[in-house]
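Report on the structure
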Amino acid sequence: MAYVCETASPGPEHTVLAEISTRFPKAGVPRQPLRPDGVTVRVTLPRRTVSALFPDAAGGIGGIATLSTAVTQRGERAVADWKGLTAPPVHPPGGGALVLRHRGPVPPVTVEAPGDVIFTAGKLVLDLQSLPRDPASGTGGARAGREGEPSAPAAARLTCAPRPGDQNLLLATVPVAPAPDGSATPSPSGDPSGSSGPSDSTGPSDTRGSGGPGSGSRRQDPAPDGRRLTVGPAADADVGDCPSEAPDVDLDERRLPEPPPGAVVRDGTPFPLCVVPVGYATVRKQGSAMIVNDPARRLGLLEMAYLKRTVQTPDGRYTESDSAGLIELPDARSTFLAFDFQPVTARVEFEAGPATVVNINRGGAFSTAISYDQTIRLHDVAVNGVPLDVGPRCRTARPFTTELSGDYSFLTGGLVEGEVTIPPFSGCGTGGEDLDPLFTAAVSGPGNRLTIRQGVPCTAAACRDQVPELPEL
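Residues numbered from 1 in each chain as written. Predicted model: local features only at pLDDT ≥ 70, side-chain atom pairs only at ≥ 80, totals over all residues. Heavy atoms only, no water.

1. Some remarks on the overall build of the chain
In plain terms, the rule: Secondary structure follows DSSP: runs of H or I at least 4 residues long count as helices, runs of E at least 2 residues long count as strands, and numbering of each begins at the N terminus. Exposed residues in this analysis have more than 50% of their type's maximum accessible area, buried residues have under 20%, and partly exposed residues fall in between, with area computed by a 1.4 Å probe over protein chains only. Between two residues, a contact is recorded if the distance between any of their heavy atoms is within 4.5 Å. The Shrake-Rupley method, run with a 1.4 Å probe sphere, supplies the accessible areas, and residue values consider only the shown protein chains as cover.
When helices and strands are counted, the chain shows 2 helices and 28 strands. Here the chain holds 473 residues, and 49% of them are scored as buried. Counting only contacts in the chain whose residues sit at least 6 apart along the sequence, the fraction spanning at least 24 positions is 75%. When the accessible area of the chain is evaluated, it comes to approximately 21,200 Å², of which 50% is carbon and sulfur surface.

2. A look at the environment of Thr49
Looking at where Thr49 falls in the secondary structure, it is placed in helix α1 (residues 47-53). Between the C-alpha atom of Thr49 and that of Ala97, which follows or precedes it by 48 residues, the distance is 8.8 Å. If we ignore the near neighbours within four places in the chain, the residues touching Thr49 are His14 and Leu158.

3. Re unusual backbone geometry
A positive phi angle is found at Asn293, which is not glycine, with a value near 60°. Within the secondary structure layout, Asn293 lies in the loop between β16 (288-292) and β17 (301-312). In this structure, Asp380 takes a positive phi of about 50° despite not being glycine. Along the polypeptide, Asp380 turns up in strand β22 (residues 365-383).

4. So, the state of the cysteines
Condition: Here, a disulfide means two cysteine sulfur atoms that sit within 2.5 Å of each other.
Under the criterion given, the structure shown has 4 disulfides. Between the sulfur atoms of Cys242 and its disulfide mate Cys274 the distance is 2.1 Å. The sign of the 80° torsion about the S-S bond sets the Cys242-Cys274 disulfide as right-handed. With Cys242 in the loop between β12 (229-231) and β13 (264-267) and Cys274 in strand β14 (residues 271-275), this pair connects stretches of sequence that are 32 residues apart. Classification of Cys242 as buried rests on a relative accessible area of 6%. The cystine pairing of the chain, numbering bonded cysteines in sequence order, is 1-2, 3-4, 5-6, 7-8.

5. Quick look at the nonpolar core
The condition is simple: Nonpolar core, defined: a set of buried Ala, Val, Leu, Ile, Met, Phe, Trp, Tyr and Cys residues in which side-chain atoms within 4.5 Å join the residues together.
Residues Tyr3, Leu45 and Phe119 are the most contacted members of the largest nonpolar core, which totals 44 residues. Counting residues per element, this core draws most heavily on strand β8 (residues 117-130), at 6 residues. Dropping the residues within four chain positions of it, Leu45 is found in contact with Val16, Val50, Ala97, Leu98, Leu100, Leu126, Leu128 and Leu158.

6. A look at the side chain of Thr440
Heads up, the rule is: What qualifies as a polar contact is a pair of N or O atoms within 3.5 Å, subject to a donor-acceptor requirement within protein and to the restriction that residues adjacent in sequence count only when both atoms come from side chains.
Tracing the backbone through its elements, the reader meets Thr440 in helix α2 (residues 436-443). Side-chain polar atoms of Thr440 contact the backbone nitrogen of Phe425, separated by 2.9 Å. The contact partners of Thr440, leaving out residues within four places of it in the chain, are Lys285, Pro424 and Phe425.

7. Some words on the pairing of strand β3 (residues 37-45)
The line we're drawing: When DSSP finds two or more bridges between a pair of strands, those strands are recorded as paired.
Taken together, the 6 bridges between strand β2 (residues 14-23) and β3 define a ladder with antiparallel strand orientation. Counterpart to Ala18 in the pairing with β3 is Val43. Sheet topology places β3 next to strand β6 (residues 98-103); 6 bridges connect them, and they run antiparallel. Across the sheet, Leu45 pairs through a bridge with Leu98, a residue of β6.

8. Considerations on the pattern of salt bridges
Note the following rule: In what follows, salt bridge is the name for a side-chain nitrogen of Lys or Arg lying within 4 Å of a carboxyl oxygen of Asp or Glu.
On inspection of all chains with the given rule, the structure shows 17 salt bridges. Glu19 is the salt-bridge partner of Arg42, the closest N and O atoms lying 3.4 Å from each other. Taken as a pair, Arg42 in strand β3 and Glu19 in strand β2 lie far apart in primary sequence, 23 residues in all. Residue classification places Arg42 among the partly exposed residues on the basis of a relative accessible area of 26%. Note on Glu19: relative accessible area 34%, which makes it partly exposed. Two residues, Arg254 and Asp252, come together in a salt bridge whose shortest N-O distance is 2.6 Å. Residues joined in a network through salt bridges with shared partners are Asp252, Arg254, Arg255 and Asp373.

What is shown is where atoms sit, not what they do.
Here's what the structure looks like:
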């Protein structure tokens, strides 16, 4: 597919090509999600476009794509903003076009009635970023740093529309038949390579075709006869908006890695960004786990001042972005055994300090680390269903360190894991009753594993579209 693109500032238009592949289900049934998967968006940027946007991009160019996709069925229409599909940085070729391969999850579509579900490509937005140049390359330009130092990262947004003319923008047509009792969601087609490009067309009965970047959705109001078409698993997610201003929080120097020899460290200009983290916290002594930030309830956010600091080696093979944030999570619900093996239920409040987020790219191998101190407070406790007053200050006696890490780019989201040592409890009990030893014996100690899935970064009201699935225990 050919797209005509504009930048925010006045200038010439740019034409890019997008080849989009994914697997759609062969067929569906009402009220069962249709789940496209295996999405890849291959965007080809002409050399003149790359030179105009990033004259000093010797360190590589990557980015995030968003595709607005029309989903229609029997006269109803919804627009799915498939967001967060990420392309890792690649080095511009010596004289040819730059090819970026964007990959990421695509939200499912659910319909209430039978009928063909048609997916059609629309607007494409490319948020591109160049890594600082290698000073040894000899290139110059307005973005260059001081002699011997990499230049600051540069960013550009291309807002693109399909080029007018005879283009086939159909991505897929998925038939939905009436559902028999007990029917299950059809599995995706076995053909992993369905794609559409400038010279390819997709027929109306072909369920292969183009998918879009990321995961996001806008919900269509119900039709007069009660039918409804829903795009995205997070349409009903209860998530607040990401604040419009970055939190006033500093990086914790203790949690930052030592820069490699010769690397240049720069203060950034942070901007507000949020992620939705969901997962599990296990209590080793109990052999049990509780859900952290339950997607079925009101969700909390990690609110960040993104890009407070950058680190890069002159050859561009090591890049690091450091951000600081505040974690605001709702209480979790826990059940464990105490008091001679009687079931105890409690609400667990996470009192987290400022978080430091470190994202590193070592020659295309990404890693993310999230670390902070926290205490946990127990309240609304019941023993065998009978309320137990533990007072308002039943918490760990001191903060404890939480360090989570995973092998992924922060901009794509992924899985972070780690283990914590829970300190003894203090302040538990009222009326002279000391319950500290009981909770310490039941909960405190080392080896308590945290498994958290981080969603794709989001801004404003878009966070409800970026709620990840719970990880496996």
